[in-house]
Structure formats: C-alpha cells, structure tokens
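Listed below are the residues making up each chain.
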Amino acid sequence: MAGTPAQSVQFPAFRQYEAKRQEANNAMTALLAGAKLAAHTLQLTSGSQELLPRIFPGVEHINYFRLRTDRATELLVDTGHHLGAVAVPYALAVHEDFVTSVVDLLKELGYTRKAPGRNKDLSKNPVKAWNMHDTVYLTLGGTVPTSGGDATAIEVFHLLREMRNAHIHAGGEVSDALKEVVEAFSADAAQEWSRLSRRRHGDLVSSKELRFNTFDIFAAFAVTKTLGRQINALLRDRMDHAHWAEIAVRDYAMQTSKARGSDSWMRGYLGYAAMNYGGIELTEAELVAAAVTTGFWTGGRQWASRRSERGAQRKRNQGVGKPGD
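## Details of the overall build of the protein
Looking only at helices and strands, the protein has 13 helices and 0 strands in total. In the protein, the succession of α and β elements from N to C terminus is α-α-α-α-α-α-α-α-α-α-α-α-α. For the protein, whose C-alpha radius of gyration is 27 Å, the value lies well above the compact-globule estimate of 20 Å for 325 residues. In terms of overall dimensions, the protein has a C-alpha envelope of 90 × 70 × 30 Å along the principal axes. Pairs at least 24 residues apart make up 67% of the contacts formed inside the protein by residues separated by at least 6 positions. Positive and negative side-chain charges in the protein, numbering 40 and 35 respectively, have mean positions lying 6 Å apart.

## Focus: empty space enclosed by the protein
Evaluated as defined, the whole model comprises 1 cavity of 30 Å³ or more. Volume-wise, the largest cavity comes out at about 40 Å³. Of all the elements in the fold, those that place two or more residues in the lining of the largest cavity are α5 (132-139) and α9 (214-238).

## Some points on the nonpolar core
By size, the foremost hydrophobic cluster in this structure holds 77 residues, and its most contacted members are F11, W244, Y269 and Y277. If near-sequence neighbours (up to four positions away) are discounted, Y269 is found in contact with A245, A248, V249, Y252, L287, V288, A290 and A291. Counting 7 residues, the second largest nonpolar core, distinct from the first, contains A35, L42, L52 and A72.

## Let's talk about the packing of aromatic side chains
In the structure shown here, the tally under the stated rule is 14 aromatic pairs. Ring plane angle 75° and centroid distance 5.7 Å describe the contact between F215 and F218, whose orientation is recorded as edge-to-face. On the criterion of helical spacing, the pair formed by F215 and F218 is a turn pair, its members being 3 residues apart in helix α9. Seen in terms of ring centroids, Y252 and W265 are 5.2 Å apart; in terms of plane orientation they differ by 70°. Their pairing is edge-to-face. Linking Y252 in helix α10 (residues 241-255) with W265 in helix α11 (residues 263-276), this pair joins segments that are 13 residues apart in sequence. Ring pairing ties together the aromatic residues Y252, W265, Y269, Y272, F296, W297 and W303, which thus form one cluster.

## Digging into the packing of α11 against helix α12 (residues 284-293)
Two numbers describe how α11 lies on α12: the axes approach to 11 Å, and their chain directions differ by 125°. Overall, the two elements α11 and α12 adopt an arrangement that is oblique. Considering only the axes of α11 and α12, their crossing is right-handed. The residues of α12 that touch α11, namely those facing W265, M266, Y269, L270 and A273, are E284, L287, V288, A290 and A291. Among the residues forming the contact of α11 with α12, the class breakdown is 9 nonpolar, no polar and 1 charged.

## Quick look at helix α4 (residues 79-108)
Here α4 spans 43 Å end to end across 30 residues, near enough to the 44 Å set by a 1.5 Å rise per residue. Looking one or two residues past α4, G110 carries a phi angle of roughly 105°, positive in sign.

## Considering the layout of surface pockets
Estimated volume of the largest pocket: approximately 270 Å³. The wall of the largest pocket is formed by W130, D134, V144, P145, I154, E155, H158, R161, E162, V181, A184 and F185. Elements supplying a minimum of two residues to the lining of the largest pocket: α6 (148-169) and α7 (176-184). With 5 residues, α6 is the largest single contributor of residues to the lining of the largest pocket.

## Observations concerning the pattern of salt bridges
Side chains that carry opposite charge are capable of pairing whenever their charged atoms lie near each other. In this structure the tally under the stated criterion is 16 salt bridges. Close ionic contact of E18 with R21 constitutes a salt bridge, the shortest N to O distance being 3.1 Å. One end of the pair is E18 and the other is R21, both in helix α1 (residues 12-42) and 3 residues apart, which spans about a single turn. Per residue, the accessibility class of E18 equals that of R21, and both read buried.

## Some thoughts on the confidence of the model for the protein
Taken over all residues, the pLDDT of the protein has a mean of 92, while the share at 70 or more is 92%. Ignoring residues within four places in sequence, the model shows residues 2-6, a span with pLDDT below 50, making 4 contacts including any to other chains. Below a pLDDT of 50 lies the segment residues 319-325, which in the model reaches 0 contacts outside its immediate sequence neighbourhood of four places, other chains included.

## Here's the deal with the environment of S305
On the secondary structure map, S305 appears in the loop between α12 and α13 (306-317). Spatially, the C-alpha atoms of S305 and Y64 are 64 Å apart, while their sequence positions differ by 241 residues.

Conventions and cut-offs
Residues numbered from 1 in each chain as written. Predicted model: local features only at pLDDT ≥ 70, side-chain atom pairs only at ≥ 80, totals over all residues. Heavy atoms only, no water. Helix = DSSP H or I, 4+ residues; strand = E, 2+ residues; numbered from the N terminus. Rg over C-alpha atoms; globule rule 2.2 N^0.38 Å. Contact = heavy atoms within 4.5 Å. Lys, Arg positive; Asp, Glu negative; His and termini not counted. Charge placed at Lys NZ, Arg CZ, Asp CG, Glu CD. 1 Å grid on protein atoms, 1.4 Å probe; cavity = no way out; pocket = protein on both sides within 12 Å on 5 of 7 lines; lining within 4 Å. Points joined across faces, edges and corners; volume = space filled by probe spheres on them. Core = buried A, V, L, I, M, F, W, Y, C linked by side-chain atoms within 4.5 Å. Buried < 20%, exposed > 50% of the residue type's maximum accessible area, 1.4 Å probe, protein only. Phe/Tyr/Trp six-rings, centres within 6.5 Å; stacked < 30°, edge-to-face > 60°. Axes fitted to C-alpha atoms, helices over the stretch in contact; angles between N-to-C directions. Parallel < 35°, antiparallel > 145°, perpendicular 65-115°, else oblique. Left-handed = near helix turned anticlockwise from the far one by under 90°. Nonpolar A, V, L, I, M, F, W, Y, C, P; charged D, E, K, R; others polar. Expected span 1.5 Å × (residues − 1). Salt bridge = Lys/Arg side-chain N within 4 Å of Asp/Glu carboxyl O. pLDDT = per-residue confidence, 0-100.

This is the structure we're talking about:
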C-alpha cells in the first residue's frame, strides 16, 4: 500500500490530516518503544519483592504503578494488545475526521452528497464511518471500487473498524459484525491484512475475546495513510479546475502577508499554487479567474513578473554611480 506523496494535492484539509496522522503515529510508536525499553530496564530488578515506587522514586507518576517487577514486566511485554486497543481507534478517528471534512468540502462547493443507505434518495442518507468512503466516490460521480488496490484498502479499513467497534461496544468480545467482515474478506484483502498484521484474518475470530497486537497498530496507520492519498487522488482527478482554483486562492490568502492586489501578491499566489496544487495543472488563466471571482484581484489588472520588475529597476539605476566616481 504505497502512497505517492509527490502527486498529492496539498490543500488545507489534507495538510492538516497528514500532520495529525503523523503526530498520532509517532506518539503511539513512542509509547510502544517506551514500554519495551521499560520492560528491558526492569530486567535489572528481576526477583525483587519491592514495589516499583520504592525502586524508582524519582520517576513521575510511578506511585500509580504500584506493582512488583514481575507483574509490571508482564504488562509491559503485552503492551501490543493494550496499546492496540487505544491506537487503532485513534488512527481511525483521525482518518474519519478527514474523510467527513472532504464530504463537507464537496457540499460547500455545490456537489450533491450521495451516501449509500436505506433511503433510495442517496442525498438523504447520513454519512457514517461504514459508508463515508463510498460517499466520496458517489458524490464525485464515480463508482465505488469493487476490486484493485482501492477496494482492498477499504476492506482492510472496515475490518479494523469492526475490531474497534467490538472493543468499544461489545466489551472486547468478538462481535457478529466482525465475523461477517472476516467471512466476506476477499483474497486480496486477506493477503494484504496478513502482510500488515502478520496474522491471518481468521485468527481474529478464532476465540471469544478479541486480541489486538502490535502490528494491528502499524496496519491501522498504514491503511489510513493509503486511503487518505487515494481520496486525494480522487479529488485531484474528478473535481473541477474552477473549484480547485477557488480552494487554492483562499488557501493562499490565509497564508500570505503580502498586500492584496499588489504584484508581489499575484506572483506569490501563482508560485504557491504551483507548489501545492501542481498535480492538477491549473492554468494561469484559471488561477487569475478564481482570484477575481473571490474578490482577491481586480479583473483586467496586469502584474509585473519578477524578471520584468528587475529589468525596470536596472533601467532606473542606469547612470547612477558611486560618490566620487
């Protein structure tokens, strides 16, 4: 599930999503590594009958961890299950926030929202975690993928979603909904899940209790990264250029400190669009039209390029020498 960051459109919601996803990923990895380091350190106190606060009085919050070395080590070694129960919902929540923000963005731009559900009028169905990816495809006038990499990533997402739901809503026991997803898993999704989590998908429902592992954490962050970039590519390829240009100009206006209406503002805008929205191949005319439509630029006004401005500066300075020449 490799993404293509060089081709991703860096619009505000996606930039925010990538930052939050990376922060959550790093935080969970830090906790995982910290637990392993702590377990390794506790080997030095193996066999001690003292409680941890007596052994490590200088460690902050250690008084809440009033256990002996052997029991503390057991918990730290098994941190994959406990941390997975926290990290998987965390990763999915960050991703769900991004996808719903994309659906809201499309609605603001005038697209009719179409979500699968009970109502035949798709515009009246609510957007939930189970149908939000399909909603983006349908709202943009596309078809929901049933095969290939996009479909596989969505299948793995739904497996993780039902794992989360079983943990939160079924007291950590394997739910019927999770069993249904496992039974309906395609061969491609099963292969991808095995690669990411290093266990067969059927193992999830082989006992009454749902058990997370360390690699479920990596799987959650990997698949949401892939899906985020898939949605980015879908927007890039299917949204109108006029809408992208409007997003670009409003984005730039929020970032720049240059005086509105100045030549430097327009030059900065065109450069900003090329850097963050280059994959869409917006034309200069489309970008200028969006600036005029949104009131950031006056129609018909020309601006000097940096090269022409430098040339004019050189002409103004001709014949001006140093004092004493």
